[in-house]
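# Examining the three-dimensional arrangement
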Amino acid sequence: MVIAVGTEKGAWFFDPVERHLDGPVLPGWKVTAFTETAAGDYLLATASNWFGASIHRSANLTGWAQTDESPSWPEGGDRSLTQIWTFARHGGRLYAGVDQAGLFVSDDNGGSWQPVDGINEHRTRAAWQPGFGGLALHSIVIDPDNADHIWIGISAAGVFRSEDGGATWTPANAGVTKTAASEEFDDIGYCVHKIVLDPDDSNRLYRQDHRGVYRSSDGGRSWDHAEDGLPSSFGFPMVIDRSTKTLFIVPLASDERRLPVDGRFRVYRSTNRSGSWEVSGTGQPDVPTYTQVLRGAMDTDDNGAVVYGTTAGSLGLTLDSGDSWETLPWTLPRILAVSSLQV
Amino acid sequence: MASVQVRLPSLLEPITGIRSLTVDASTAKGAISALLESQPGLKVHLYDERGNLRPHVRLFWNDRDFAWLDDEATARDGDILTVMQAVSGG
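Residues numbered from 1 in each chain as written. Chains lettered and ligands numbered in written order. Predicted model: local features only at pLDDT ≥ 70, side-chain atom pairs only at ≥ 80, totals over all residues.

## Topic: the interface of chain A and chain B
Selection criterion: Any residue pair is listed as a contact if its two C-beta atoms, each placed from the backbone, are within 7 Å. When residue character is reported, Ala, Val, Leu, Ile, Met, Phe, Trp, Tyr, Cys and Pro are called nonpolar, Asp, Glu, Lys and Arg charged, and the others, Gly included, polar.
Listed per partner, the contact involves 19 residues of chain A and 15 residues of chain B. Residue classes in the side of chain A that touches chain B are distributed as seven nonpolar, 10 polar and two charged.

## Observations concerning the sheet that holds strand β18 (residues 212-216) of chain A
Residues and elements named next belong to chain A. This is how it is decided: A pair of strands is considered paired only if DSSP assigns at least 2 bridges between the two. A run of H or I in DSSP counts as a helix once it spans at least four residues, and a run of E counts as a strand once it spans at least two, with each numbered from the N terminus.
If you walk across this open sheet you meet the four strands as β16-β17-β18-β19, and the pairing is antiparallel. Two strands bound the open sheet, and with one partner strand each, they are β16 (192-197) and β19 (224-225). Sheet analysis places strand β17 (residues 205-209) next to β18, joined by five bridges and oriented antiparallel. Bridging across to β18, Leu205 finds its partner in Ser216.

## What to know about unusual backbone geometry
With the exception of glycine, the majority of residues adopt a negative phi angle, and the majority of peptide bonds are in the trans configuration. All names here are of chain A. Here the residue pair Asp99 and Gln100 is connected by a cis peptide bond, since its omega of 0° sits within 30 degrees of zero. For Gln100, the position within the fold is in the loop between β9 (93-99) and β10 (102-106). For the peptide bond that leads from Ser155 to Ala156, omega is 5°, which places it in the cis range. Assignment of secondary structure puts Ala156 in the loop between β13 (146-155) and β14 (158-162). Look at Ser321: it is not a glycine, yet its phi comes out positive at around 55°.

## Details of the environment of Ala47 of chain A
Residues and elements named next belong to chain A. Let me state the cut-off plainly: A residue is called partly exposed when the number of other C-beta atoms within 10 Å of its own lies between 12 and 20, exposed at 12 or fewer, and buried at 20 or more, with C-beta atoms placed from the backbone.
You can see Ala47 is positioned in strand β5 (residues 42-47). The exposure class of Ala47 is buried, given the 23 C-beta atoms found within 10 Å. It is 30 Å that separates the C-alpha atoms of Ala47 and Val17, two residues lying 30 residues apart in sequence.

## Regarding the pairing of strand β6 (residues 54-58) of chain A
All names here are of chain A. Two strands pair when backbone bridges link them, and β5 and β6 are joined in this way by five bridges, in the antiparallel orientation. Bridging from a neighbouring strand, Tyr42 pairs with Ser58 of β6. In this antiparallel pair of consecutive strands, β5 and β6, the connection spans six residues. Sheet analysis places β6 next to strand β7 (residues 65-66), joined by two bridges and oriented antiparallel. Residue pairing in the sheet places His56 in a bridge with Gln66 of β7. As consecutive antiparallel partners, β6 and β7 are separated by six residues, and within that stretch Leu61 has a phi angle of approximately 70°, a positive value.

## Some words on the nonpolar core
Condition: Only buried residues count toward a nonpolar core: Ala, Val, Leu, Ile, Met, Phe, Trp, Tyr and Cys, linked into one set through C-beta atoms within 7 Å.
By size, the foremost hydrophobic cluster in this structure holds 93 residues, and its most contacted members are Val5, Ala11, Ile152, Val196, Ala297 and Val338 of chain A. Non-local contacts of Val5 of chain A, meaning those with residues more than four positions away in its chain, are made with Ala11, Trp12, Phe14, Gly309, Leu315, Leu332, Ile335 and Val338 of chain A. Core analysis: the second largest hydrophobic core is formed by 22 residues, Val4, Ile15, Leu42 and Leu46 of chain B among them.

## What to know about the pairing of strand β3 (residues 20-25) of chain A
All names here are of chain A. With four bridges connecting them, strand β2 (residues 10-15) and β3 associate as antiparallel partners. Across the sheet, the residue bridging to Phe13 is Asp22, located in β3. Once β2 ends, the chain turns through four residues before running back antiparallel as β3, passing Arg19 with a positive phi of about 60°.

In C-alpha cells:
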C-alpha cells in the first residue's frame, strides 16, 4: 500500500511500512484526486490558480505524463471546469466528479471521458447553488454488488441516486435540513459534504452534511440524524473501514468557525454503524491544534489503516482502525486529497 | 514564415517537457496557433472552454502584452512569444 497525498503545491507518496516519503510530484500544481485504473496504472488530477485542470497518468507512481484527454465541458458553452474533485471506479469503469458540478465516465481507463447527461443536465440544475468550495460534484459512491446503483453528492444541491447506471437521477435528501432552499424545486438545496456506503448493506448509507451527520437505511430515500456522542455535527470527511465496519469523521466547531472544538483536534469513530460516536483511540494531538481535514483528505485501505491530511500539512495515521494514532513527521503544503493505493 | 522563439513558465514544463521551443509563423496570432499545434496539451491550460485566455495567464509578444497587440502583427525572425503566469501580492 502507498498513501498518495495531494496538496496545494504538488503530490507526495508515503509508504507506511518503509516509512518513506517520495515527492514532490508536479510541484506547484494543486493535486486534487487520485485513482487506480483497471489496467493497473494510476491517475492524478491537477488544478491551478492560473492554468486549467487536467489528468496525469503513471505506470509506477514515479514518472507522470498528462493524458491527451480530460473531462471537459463543451467548447463555446457557458460552463467551465475548474477542478476534478474525485474519482470512483467499478471494474473497468471510471467516474470523475468535477467543478462546475458534473459527472464524467470513462470506459477506457481514463483515455477518454463522456459526460453523464442524466445528472449534468438534470431538471434541477439551474437551481444548484455553489457552496463555499464552489459548485462541485465531490462524492461518488457505487454499490460494489450492482454498478447500476450510484449515489453522488453535489454542494450545495444534495445527494442524487441512480438505479440505472446513471441514466436517470433522483434527489435523495428527505429528512436532511436544507441550507440553500430552492423556490422552484423542493427536493434540492442540501449541502452534502461526504457520503459513504455500508460495506454489508447497500441500502445503508452515511452522510456528513453541512447540517449534521445522518444515516439512511433505505438507499438514501430518507435520512435520520446520527450524532450521539459528537461534540459538533459539522465537518467534512467521512470514511468507513470495510474490514472493521468502523466509521471515521473529524468534527468542527461550526460552519462559521470551521475549527476543532476548543482547539482539540479529534478524529471520532463509530463502531456501531453511527449509533454512537467516540474519540478514536489514543495518540491524537495533545496540544492545541487549530487545523481541519478537507472532505477528500481522509482515506482507508479497508484493512485497518486510516490516514488523514490537514490544511496545516500534517498527516495522521492509524493501522489498527483507530485504536492508536500517530502524527507523521513531515509537514507538507495544505492537503487536499489523500488516497490509499495498492501497489 | 518567421522563426519565433516560445518561452514557457516552469509550471508548464511537466506538460511539455521543455521550457522553450521554436515555431514557424507569419503573424503573432499564427505563432500561438503553431504553439498549440506543437504542444496540444497546453490548450486546456491557456484557454477555458469559452475560448478565452485564462484570466491569470498573460501572453507577451516580445515586450508587449497580446491584449494590446494587433493579432495580425507580422512575425519576424527572432520574435519571442512568452507565456507568463500573472503574479500578484507580496
